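# Residue-level structure breakdown
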Amino acid sequence: ASGAYPKRVKVVEVGPRDGLQNEKNVVPTPVKINLINMLSETGLPVIEATSFVSPKWVPQMADHTEVMQGINKLPGISYPVLTPNLKGFQAAVAAGAKEVSIFGAASELFTKKNINCSIEESLERFDEVMRAAREASIPVRGYVSCVLGCPYEGKISAAKVAEVSKKMYSMGCYEISLGDTIGVGTPGSMKEMLAVVMKEVPVGALAVHCHDTYGQALANILVALQMGVSVVDASVAGLGGCPYAQGASGNVATEDLVYMLNGLGIHTGVDLQKLMDTGTFICNALNRRTNSKVSQASCRL
Amino acid sequence: QEPQASGLPEYIKIVEVGPRDGLQNEKVIVPTDIKIELINQLSKTGLSAIEVTSFVSSKWVPQMADHKEVMRGIERHPGVQYPVLTPNLQGFQSAIAAGATEVSVFGAASETFSKMNINCSIEESIEKFEEVTKSARNMNIPVRGYVSCALGCPYEGNIVPEKVAEVSKRLYSMGCYEISLGDTIGVGTPGSMKKMLEAVMKEIPLSALAVHCHDTYGQALANILTAIQV
């Protein structure tokens, strides 16, 4: 279990999308753009910029076109956007997107409650996106939610996670991000789940997206790294509460993740100080405290 | 502590330090009856070791001024240990008089920290602890040793693993049955935890080691997992 760690980890910053999407206050467009621009200066290689969903469902992301067109796109950095269907995909490409993401789940109930259809139906919708993306040479990242537990179904079988991941990988997703949506996972369940998924999807195509709702995120990420995963999603300042648990924390803070990876001698290319400054900026703009322990610790010194 | 197929121990002893280490760092002075209620509730949770209080001068640690009353006031559940901190012989004697049946001593892997915290060098502190362990041995009282700053010091910064191993060995040799390695300011990460444990394990058997991780930088559970995996 405690084998060697990967030498490099790709940190995927989801703050501007997953983070802000779960913040109560709607953030003005210029603030979103500034956030992404600051993140672009930190060395992060991937920054999820926004979501091309209907503003009826996600008002926070209503300004997706303006954000996409307003940000400085630095060379060497990817700015993927969420596209739940063909319409969103087309709008995204029209706005200049060069990479998109689609969101599946390992739970039927979660899929029904979240996007009002079955897993099978959601994959059919994504197939349209995949086809269009292939024609436009646009890479697609696949997310699988509820990999370690579901707010409605409870326990989720690793086999189900592997099945959905395999389908999305076969459809053409270059990477599958496995999300512990409600943060209930622990090193034990993470290890078990990955062992099963890795039989169907090569570990080089896997990422983990851990929520810190029960404080387990870094420990779970550590185990994933030990299993060979080298792509980790995180959100600056730990933005984004858990929509299913009042007051609970959500995404793992990018600062805390980078601190751990630095200590392990794993290369990320990320400047921790610049990252912390970005976290300070967005927390001031949101008028909230940071969820990053590293940021909290550094303030006291 | 046999490893399972997963390589992890089947059983972990959790040492609850809330009533002492926890309360000591809270701003508000907690009334004695609340401290006693806290410990009594903890005794019902299944925890096997609960650090109750500290027999230090109330001048230094006002929060622990009621150490005698707390020690005498708590329910003692069978099978649960109730260790107390005893920085010197005087504190030790006072603890025994109040009914303590296990004590702890606190060393550090950093000279500056030792000076700033207890106003003497590591060597001088070791001498004080030796007085405690000698008396404790005569009375069959087990002594737990703590080593602070095991992964970094607020004053000296980086701490070499060999220094941690050296201080741990001194405490173990003088009779401490267990050494708790403390990441006092929580700066450690799985990398530094592993290196430090590897150095200490050369001098002390694994089963006599404990980790005391602070979550200041959010690294505690990851560091603990690493320690469990070692």
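This structure is a prediction, so every number in the text was calculated from the model and none was measured.

### Things to note about the overall build of chain A
Within chain A, the regular secondary structure consists of 12 helices and nine strands. Radius of gyration (C-alpha) of chain A: 18 Å, near the 19 Å computed for a compact globule of 301 residues. Taken along the three principal axes of its C-alpha coordinates, chain A extends 50 × 45 × 35 Å. When the 301 residues of chain A are sorted by exposure, 56% land in the buried category. For chain A, long-range pairs separated by at least 24 residues make up 76% of all intrachain contacts whose partners lie at least 6 apart in sequence. Summing over all exposed atoms, chain A offers an accessible surface of approximately 12,100 Å²; the carbon and sulfur share of this is 52%.

### Section: the overall build of chain B
Of the regular secondary structure elements, chain B holds nine helices and seven strands. Burial analysis of chain B (230 residues in total) assigns 49% to the buried set. Within chain B, contacts between residues separated by at least 24 positions form 75% of all contacts whose residues are at least 6 apart in sequence. Summed over all atoms, the accessible surface of chain B reaches about 10,900 Å², with 53% contributed by carbon and sulfur. Across chain B, the mean location of the 20 positive side-chain charges is 4 Å away from that of the 26 negative side-chain charges.

### Considerations on the packing of aromatic side chains
The full count for this structure, using the stated rule, is five aromatic pairs over all chains. Sitting over the face of the ring of Tyr146(B), Arg144(B) holds its NZ or CZ atom 5.1 Å from the ring centroid.

### Structural notes on the sheet that holds strand β6 (residues 178-183) of chain B
Strand pairing in a sheet is mediated by backbone hydrogen bonds. Such pairs are either parallel or antiparallel. Residue and element names in this part refer to chain B. Taken in spatial order, the five strands line up as β3-β4-β5-β6-β7 in an open sheet, and their pairing is parallel. Here the strands that pair on one side only, and so sit at the sheet edges, are β3 (84-85) and β7 (209-213). Here six bridges tie strand β4 (residues 103-108) to strand β5 (residues 143-148), and the two strands are oriented parallel to one another. The partner of phenylalanine 106 across the bridge, within β5, is tyrosine 146. Taken strand by strand, helix α9 (residues 220-229) contacts β6 and β7, and its axis lies near 170° from that of β7.

### So, the nonpolar core
With 98 residues, the main nonpolar core has Leu178(A), Met190(A), Met193(A) and Ile221(A) as its most contacted residues. Residues contacting Leu178(A), with those up to four places away along its chain left out, are Val144(A), Val147(A), Val161(A), Ser165(A), Met193(A), Leu194(A), Val197(A), Leu206(A), Ala207(A), Val208(A) and His209(A). Counting 53 residues, the second-largest nonpolar core is a separate cluster that includes Leu42(B), Val143(B), Met174(B) and Met196(B).

### Observations concerning α9(B)
Buried residues dominate α9(B), accounting for seven of its 10 residues. Within α9(B), the full set of buried residues consists of Ala220(B), Ala222(B), Asn223(B), Leu225(B), Thr226(B), Ala227(B) and Gln229(B). Buried residues belonging to α9(B) abut α8 (187-197), α9 (217-226) and α10 (254-263) of chain A together with β6, α8 (190-201) and β7 of chain B.

### Comments concerning the packing of helix α2 (residues 29-40) of chain A against helix α11 (residues 272-286) of chain A
Residues and elements named next belong to chain A. α11 packs onto α2 with a crossing angle of 170° between their chain directions and a minimal axis gap of 9 Å. With respect to their mutual orientation, α2 and α11 come out roughly antiparallel. Along the contact surface, α2 presents Val31, Asn34, Leu35, Met38 and Leu39, while α11 presents Leu275, Asp277, Thr278, Phe281, Ile282 and Ala285. Partitioned by chemical class, the residues of the contact of α2 with α11 number eight nonpolar, two polar and one charged.

### What about the side chain of Glu13(A)?
All names here are of chain A. In this fold, glutamate 13 is placed in strand β1 (residues 10-13). Here glutamate 13 occupies a buried position and makes no salt bridge, while the nearest side chain of opposite charge, arginine 17, is found at 10 Å. Polar side-chain contacts of glutamate 13 include one of 2.7 Å to the side chain of threonine 254. Excluding its chain neighbours within four sequence positions, the residues that come into contact with glutamate 13 are Leu39, Leu44, Val46, Ile47, Glu48, Ala234, Ser235, Val236 and Thr254.

About the criteria used
Residues numbered from 1 in each chain as written. Chains lettered and ligands numbered in written order. Predicted model: local features only at pLDDT ≥ 70, side-chain atom pairs only at ≥ 80, totals over all residues. Heavy atoms only, no water. Helix = DSSP H or I, 4+ residues; strand = E, 2+ residues; numbered from the N terminus. Rg over C-alpha atoms; globule rule 2.2 N^0.38 Å. Buried < 20%, exposed > 50% of the residue type's maximum accessible area, 1.4 Å probe, protein only. Contact = heavy atoms within 4.5 Å. Areas by Shrake-Rupley, 256 points an atom, 1.4 Å probe, with all protein chains shown as cover. Lys, Arg positive; Asp, Glu negative; His and termini not counted. Charge placed at Lys NZ, Arg CZ, Asp CG, Glu CD. Phe/Tyr/Trp six-rings, centres within 6.5 Å; stacked < 30°, edge-to-face > 60°. Lys NZ or Arg CZ within 6 Å of the ring centre and 35° of its normal. Pairing = 2+ DSSP bridges. Axes fitted to C-alpha atoms, helices over the stretch in contact; angles between N-to-C directions. Core = buried A, V, L, I, M, F, W, Y, C linked by side-chain atoms within 4.5 Å. Parallel < 35°, antiparallel > 145°, perpendicular 65-115°, else oblique. Nonpolar A, V, L, I, M, F, W, Y, C, P; charged D, E, K, R; others polar. Salt bridge = Lys/Arg side-chain N within 4 Å of Asp/Glu carboxyl O. Polar contact = N/O pair within 3.5 Å; in protein donor to acceptor, adjacent residues only side chain to side chain.

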